[in-house]
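Inside the fold
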Amino acid sequence: MKRVGARGARRRVEWETAKAAHFAEHPTCQASEYGLETECYGVRDCHHRTNRGMGGGHDYGDYITLCRTHHDWVGAHPNEAKAMGLLISFWKVDQDETT
């Protein structure tokens, strides 16, 4: 198992705290709010709309609750997910902030 330093452990606690607060406010899958009408299955995930690998973070407004089925769908259909607002391009965020 990989050892985690103090900073990594602190970030993990921050993320788990933020995720718990988000799930308390949004306990069920929010996919229907974005136009996905398929049935929900699986555990719930906290989905980052702006990919963390592309500069997104743990900002409260950046994530939504999705069931595992819808979370997997977003990963498999990124173009459709972007059009629906389930994914936000990091570059789009930069453009919006500078205009």
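Details of the structure are given in the entry above.
Read on for a plain summary of the structure. Remember, predicted model here, so these are calculated numbers, not experimental data.

This paragraph deals with the nonpolar core. Soluble globular proteins: nonpolar side chains tend toward being buried together. Counting residues in each nonpolar core, the largest one holds ten residues, listed as Cys-29, Ala-31, Leu-36, Ile-64, Leu-66, Cys-67, Val-74, Ala-81, Leu-86 and Leu-87. Top element by residues in this core is strand E2 (residues 63-67). It accounts for three residues. Residues in contact with Ala-81, not counting those within four places in the same chain, are Trp-73, Val-74, Leu-86 and Leu-87. Judged by nonpolar contacts, the second largest core, of five residues, contains Trp-15, Phe-23, Cys-46 and Tyr-63.

With five of five residues buried, E2 is to be regarded as a mostly interior element. Neither face of E2 is left uncovered, since the one carrying Tyr-63, Thr-65 and Cys-67 and the one carrying Ile-64 and Leu-66 both have all their residues buried. As paired strands, strand E1 (residues 44-48) and E2 are joined by five bridges and run antiparallel to one another. Bridge pairing in E2 links Cys-46 to Thr-65.

Here we take up the pattern of salt bridges. In total, this model carries three salt bridges according to the counting rule given. Between Arg-12 and Glu-16 there is a salt bridge; the shortest N-O distance is 3.1 Å. Of this pair, Arg-12 and Glu-16 are both found in helix H1 (residues 6-25), four residues apart, which corresponds to roughly one turn of the helix. In this structure, Glu-16 and Lys-19 form a salt bridge, with 3.6 Å as the shortest nitrogen-oxygen distance. Of this pair, Glu-16 and Lys-19 both sit in helix H1, separated by three residues, roughly a single helical turn.

Conventions used here
Each chain carries its own residue numbering, running from 1 in the direction its sequence is written. The model is predicted, so local features are restricted to residues of pLDDT at least 70 and side-chain atom pairs to those at 80 or more, both for listing and for counting; the totals for chains, interfaces and linings are taken over all residues. In computing side-chain values, all of the structure's heavy atoms are included and hydrogens and water are not. Only buried Ala, Val, Leu, Ile, Met, Phe, Trp, Tyr and Cys residues count toward a nonpolar core, and they belong to the same one when joined by side-chain atoms within 4.5 Å. Working definition: with a 1.4 Å probe on protein chains only, accessible area under 20% of the residue-type maximum means buried, over 50% means exposed, and in between means partly exposed. Strands are runs of DSSP state E lasting at least 2 residues, helices are runs of H or I lasting at least 4, and numbering of each runs from the N terminus. We call two residues in contact when some of their heavy atoms are within 4.5 Å. Note: two strands are recorded as paired if DSSP finds a minimum of 2 bridges between them. Note on definitions: salt bridges are taken to be side-chain nitrogens of Lys or Arg within 4 Å of carboxyl oxygens of Asp or Glu.

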